[in-house]
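Secondary and tertiary structure notes
Now for the letters of each chain:
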Amino acid sequence: MVPGEPGPSWNPIIDLQLLWSFPFMVNAFRAGTIVAVLAGLIGWFMVLRRQSFAGHTVAVAGFPGAAGATLLGVAPVFGYFGFCLAAAAVIAALPRGRDAGYREESAVTGTVNAFALACGYLFIALYKGFLGGVNALLFGNFLGITDDDVLALLAVAVVALAVLAAVGRPLLFASVDPDVAAARGVPVRALSVVFLMLLGAAVAEASQITGTLLVFALLVMPAATAQRLTARPVASLALTVLIGIVATWLGLGIAYFSPYPIGFCVTTVAFAGYLLAHAARAGRFGLPRPRLAGGAT
Amino acid sequence: MTPLTRLDDAVQPSAPPAWPSTGDPVVCLRGAAARVGGRTLWRDVDLSVAAGEFVAVLGPNGVGKSTLVKTILGLQPAAAGEVRVLGGRPGRANHRIGYLPQRRGFDATLRIRGVDVVRLGLDGDRWGIPLPGSARFARRRRAAEARVAEVIDLVGATGYAHRPIGQLSGGEQQRLLIAQALVRRPALLLLDEPLDSLDLPNQGAVAALLGHVAHAEGVSVMIVAHDVNPLLAYLDGVVYLAHGAAVTGTPDEVINGPALSRLYGSPVEVLCTSDGRLVVVGAPEPPAVHADRHADRPSGARDGSR
């Protein structure tokens, strides 16, 4: 918070009016909302498919992409999209064990992960005087989002969500029950590739708000929280989007009125939601869960 | 499908008809053979399964029981002979086949309800998302929900179908998966070791359910099994694979000393315990080395119960 500026009034409407009187904050809210919706929905499938490690690796690949783009004098957004999609393609091309299902991707993913991070570090070392930007690449930034950036985020999100809507049901089938889905003629392998490309796009978008290392704040936390609360797919997806938007908006507000960085604020709000969901379930069913005599078969 | 009858009303199996019966077969193999990785698993297999028949595929590990199922699904081409499924080549009519692959069960943390898993069997392979609001959408949704509820009731899973499937027991999951396989009213149900990993009471209950599906609902059921005993009261026919060949017939014709001795080429005895269970004694163990996913199973699970 800049000294001399008013603190929060604790009236949400007045505070939002204050925040939205600044064009850079309006763009931050627009970009944050677009990213929260896309990352939430793609993240929901990622959590269901147990592909969080792949998501993390794709995000880490975005770091050398953005750093390398800066080094070459190109906008980081091209680096994010180029490297995230390329990393997703590499993971998609990895051979998968026949019965491995959707457990953790192989050690190759981890190898790519470490190398990507090292490359990003090299690019930063080569680009002298870039050090202030490292934090933004790794942990997020919401300043300086232009109208064009928002339009680019929106265009990518609309395309990605249209693809997700088209493949949604077979993707859910292939995620829950790959063997039966394959027997029913669902192209499980092709869907896995399509999903990884969608994941690459969602991660590249989220990286621009939360930074490379905190994408899970919007990718995993809302979905994990929603899946804790309900097992109904449609309700769970809607709840994921809602939680993602609330976390982003609250995080932006807190970041504006406090000295703390945006990545920390969004992540903390999302984490608080996750803890609350656990507490709510524990409270509803009692701790520990009682075993019914003869109830289990 | 015949009018809905609850499983409880029909646990008594109908008298097994002569097998193989006449009439248009749902599955028909003539001199069929299967080769996997350059090795002939079985050859000269003749088999005919008619509508509403319940047939078990038995045999030791690694003889190609699952391969037989995959051949019928068209996933594995027959190396020789003729295979016809639902009046056509294998793979042509897979939308009329309900298939339960061999599996380990759902991850305990999977947060998807049983009813959703059954619903995926109905329309999970459709692209796009139906647009809500239209009358056609509402009518279709009601019909789909009614069918899902009906088939869940048929397998007796109504009580727990709305719980996350990962939290259900193996027997409960298996019933819901059978419901998923049945939800599109298939003409043929193929199950790969569905009794595996179930305790004895659940093995009996699932076997009774499958017998009911075959005899009361008219669905041909083929089941790969390790242990014939839970199924014995309900089976119409048996395919016993061993030593690269097969014997087919009614359970009495196949599971006896002389028939299995001929198949194995060495003396085999079938003992009947006082409670009517059959035990195959003297069957040579399968080859010690075979690259097969059954290989990791503890040897105790193979013995004493065939």
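Nothing here was measured: the structure is a model prediction, and the numbers come from that model.

1. Description of the overall build of chain B
When its secondary structure is counted, chain B shows seven helices and 11 strands. Going through the 306 residues of chain B one by one, you find that 53% of them count as buried. Considering only residue pairs separated by 6 or more positions, chain B has 69% of its internal contacts joining residues 24 or more positions apart.

2. Let's talk about the sheet that holds strand β7 (residues 220–224) of chain B
All names here are of chain B. Reading across from one edge, β5-β6-β7-β3-β8-β9 is the order of the six strands in this open sheet, with mixed pairing throughout. Across the chains shown, the open sheet's two edge strands, defined by having one partner strand only, are β5 (97–100) and β9 (245–249). On average, each strand axis in the sheet is tilted by 15 degrees relative to the strand beside it, whichever way the strands run. As paired strands, β5 and strand β6 (residues 188–192) are joined by four bridges and run parallel to one another. Considered in β6, the bridge of tyrosine 99 is made with leucine 190. Along the sheet face, helix α5 (residues 200–215) touches β3 (54–58), β6 and β7 and points at about 130 degrees away from the line of β3. The strands touched by helix α7 (residues 257–264) within the sheet are β8 (237–242) and β9, with β8 carrying the most contacts at an inclination of about 35 degrees.

3. Things to note about the sheet that holds strand β4 (residues 80–85) of chain B
All names here are of chain B. Spatial ordering of the open sheet is given by β2-β1-β4, a layout of three strands whose pairing is antiparallel. What marks the edges here is a single partner per strand, and that holds for β2 (39–50) and β4. Geometrically, the sheet is characterised by an average inter-axis angle of 20 degrees between neighbouring strands, direction not taken into account. Here strand β1 (residues 25–36) runs beside β2; their pairing, made up of eight bridges, is antiparallel. Looking at β2, one finds that valine 27 is bridged to valine 49.

4. Observations concerning the pattern of salt bridges
Residues and elements named next belong to chain B. Across all of its chains, the model carries 10 salt bridges over all chains by this definition. The shortest N-O distance in the salt bridge between arginine 43 and aspartate 44 comes to 3.7 Å. According to the relative accessible area criterion, arginine 43 is partly exposed, its value standing at 49%. When its relative accessible area of 53% is taken as the criterion, aspartate 44 is described as exposed. One salt bridge connects arginine 147 with glutamate 150, and the closest N-O pair in it is separated by 2.6 Å. Pair noted here: arginine 147 and glutamate 150 are both in helix α3 (residues 135–154), with a separation of three residues, about one helical turn. Accessibility expressed as a relative area gives 27% for glutamate 150, which makes it partly exposed.

5. Comments concerning the side chain of aspartate 177 of chain A
Topologically, aspartate 177 of chain A is positioned in the loop between α7 (147–176) and α8 (178–183). There is a polar contact of 3.3 Å between the side chain of aspartate 177 of chain A and the side chain of glutamine 180 of chain B.

6. Let's talk about the interface of chain A and chain B
Taken together, the 32 residues of chain A in the interface contact 37 residues of chain B. For the interface between chain A and chain B, the tally reads two salt bridges. Applying the counting rule to chain A against chain B returns eight residue pairs in polar contact (both at pLDDT 80 or more). Broken down by secondary-structure element, the contributors of at least two residues to the side of chain A that touches chain B are α2 (23–48), α7, α8 and α11 (221–229) of chain A. The element that contributes the greatest number of residues to the side of chain A that touches chain B is α7 of chain A, accounting for eight residues. Residue composition of the side of chain A that touches chain B, by class: 17 nonpolar, three polar and 12 charged.

7. Concerning the confidence of the model for chain A
When pLDDT is averaged along chain A, the result is 85, and 88% of the positions lie at 70 or above. Predicted confidence is poor over residues 98–104 of chain A, with pLDDT under 50, and the contacts of this stretch with residues over four places away or in other chains come to 18 contacts.

8. Points about the packing of α2 of chain A against helix α12 (residues 233–257) of chain A
All names here are of chain A. Their axes nearest at 8 Å, the elements α2 and α12 cross at an angle of 150 degrees. Relative to α12, the element α2 lies roughly antiparallel. Of the two possible hands of crossing, α2 and α12 adopt the one that is right-handed. Between α2 and α12, the contacting residues are Phe24, Met25, Ala28, Phe29, Gly32, Thr33, Ala36, Val37, Gly40, Leu41, Trp44 and Phe45 on the first element and Pro233, Ser236, Leu237, Thr240, Val241, Gly244, Ile245, Thr248, Trp249, Leu252 and Tyr256 on the second. Grouping the amino acids of the contact of α2 with α12 by side-chain chemistry returns 16 nonpolar, seven polar and no charged.

9. Focus on unusual backbone geometry
Residues and elements named next belong to chain B. Positive phi is not limited to glycine here, since leucine 86 has a value of about 50 degrees. For arginine 185, which is not glycine, the phi dihedral falls at a positive 50 degrees. Topologically, arginine 185 is positioned in the loop between α4 (170–182) and β6.

10. Some thoughts on the confidence of the model for chain B
In this model, chain B carries a mean pLDDT of 82, and residues with pLDDT of at least 70 account for 84%. Under a pLDDT of 50 for its full length, residues 287–306 of chain B has, in the predicted model, 41 contacts with residues more than four places off or in other chains.

11. So, a nonpolar patch on the surface
Together, Leu242, Val246, Leu250 and Ile254 of chain A make up an exposed nonpolar region whose accessible area comes to about 330 Å². Inspection of the secondary structure puts leucine 242 of chain A in helix α12.

12. Structural notes on the environment of arginine 43 of chain B
All names here are of chain B. Mapped onto the fold, arginine 43 is located in strand β2. It is 6.7 Å that separates the C-alpha atoms of arginine 43 and glycine 31, two residues lying 12 residues apart in sequence. Residues contacting arginine 43, with those up to four places away along its chain left out, are Ala32, Ala33, Gly244 and Ala245.

Rules used in this analysis
- Residues numbered from 1 in each chain as written.
- Chains lettered and ligands numbered in written order.
- Predicted model: local features only at pLDDT ≥ 70, side-chain atom pairs only at ≥ 80, totals over all residues.
- Heavy atoms only, no water.
- Helix = DSSP H or I, 4+ residues; strand = E, 2+ residues; numbered from the N terminus.
- Buried < 20%, exposed > 50% of the residue type's maximum accessible area, 1.4 Å probe, protein only.
- Contact = heavy atoms within 4.5 Å.
- Pairing = 2+ DSSP bridges.
- Axes fitted to C-alpha atoms, helices over the stretch in contact; angles between N-to-C directions.
- Salt bridge = Lys/Arg side-chain N within 4 Å of Asp/Glu carboxyl O.
- Polar contact = N/O pair within 3.5 Å; in protein donor to acceptor, adjacent residues only side chain to side chain.
- Nonpolar A, V, L, I, M, F, W, Y, C, P; charged D, E, K, R; others polar.
- pLDDT = per-residue confidence, 0-100.
- Parallel < 35°, antiparallel > 145°, perpendicular 65-115°, else oblique.
- Left-handed = near helix turned anticlockwise from the far one by under 90°.
- Patch = residues over 30% accessible without salt bridge, like charges linked within 9 Å, V, L, I, M, F, W, Y side chains within 5 Å.
- Areas by Shrake-Rupley, 256 points an atom, 1.4 Å probe, with all protein chains shown as cover.

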